[in-house]
Amino acid sequence: QVQLVESGGGLVQPGGSLRVSCAASGSIFAIPAMGWYRQPPGKQRELVARITSGGSTNYADFVKGRFTISRDNAKNAVYLQMNSLKPEDTAVYYCNLDIMTVGWVTRNYWGQGTQVTVSS
């Protein structure tokens, strides 16, 4: 059994910063990849950033230079530091993890989502 718990969303003014976190718990052997997606109001869910177990990252063009993804392997956690936030960054942010569990099976898991609202 694996659980993902997100935290850190909220309301921030344009130009401000926010960090969202996601921690996994349960029968975890390894987490090959971690990522963040977001779903703006009335739109499809989209990839924001991904990070591998080796630390390689990739970002969506609309967040490059503003957002930073990082992970703490000891805590099975992934973070998204968001700077220079814009109103169009308003969305529900979801963590997404590939987790290897019992029996060396890798499955994909989603967090419950955390609301980020950028508004003055």
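Our structure is the block above this text.
J.: What is the right way to read the pairing of strand β8 (residues 77-82) from this model?
T.: Along any regular strand, the residues point their side chains to alternate faces of the sheet. Most of β8 is tucked away: five of the six residues are buried. Pairing of strand β3 (residues 18-26) with β8 involves six bridges; the strand directions are antiparallel. The residue of β8 that forms the bridge with Ala23 is Ala77. Sheet topology places strand β7 (residues 67-72) next to β8; six bridges connect them, and they run antiparallel. Each residue of the ladder has a partner; that of Phe67, found in β8, is Met82. Connecting β7 to the antiparallel partner β8 that follows it, the hairpin turn spans four residues, and Asn76 within it adopts a positive phi of roughly 50°.

J.: Please clarify how a nonpolar patch on the surface should be interpreted in this entry.
T.: Taken together, Phe29, Val102 and Trp104 make up a surface patch of nonpolar side chains, about 390 Å² in accessible area. One can find Val102 in the loop between β9 (91-101) and β10 (105-110). Accessibility expressed as a relative area gives 56% for Val102, which makes it exposed.

Each value, and the rule that gives it
Residues numbered from 1 in each chain as written. Predicted model: local features only at pLDDT ≥ 70, side-chain atom pairs only at ≥ 80, totals over all residues. Heavy atoms only, no water. Buried < 20%, exposed > 50% of the residue type's maximum accessible area, 1.4 Å probe, protein only. Helix = DSSP H or I, 4+ residues; strand = E, 2+ residues; numbered from the N terminus. Pairing = 2+ DSSP bridges. Patch = residues over 30% accessible without salt bridge, like charges linked within 9 Å, V, L, I, M, F, W, Y side chains within 5 Å. Areas by Shrake-Rupley, 256 points an atom, 1.4 Å probe, with all protein chains shown as cover. Salt bridge = Lys/Arg side-chain N within 4 Å of Asp/Glu carboxyl O.

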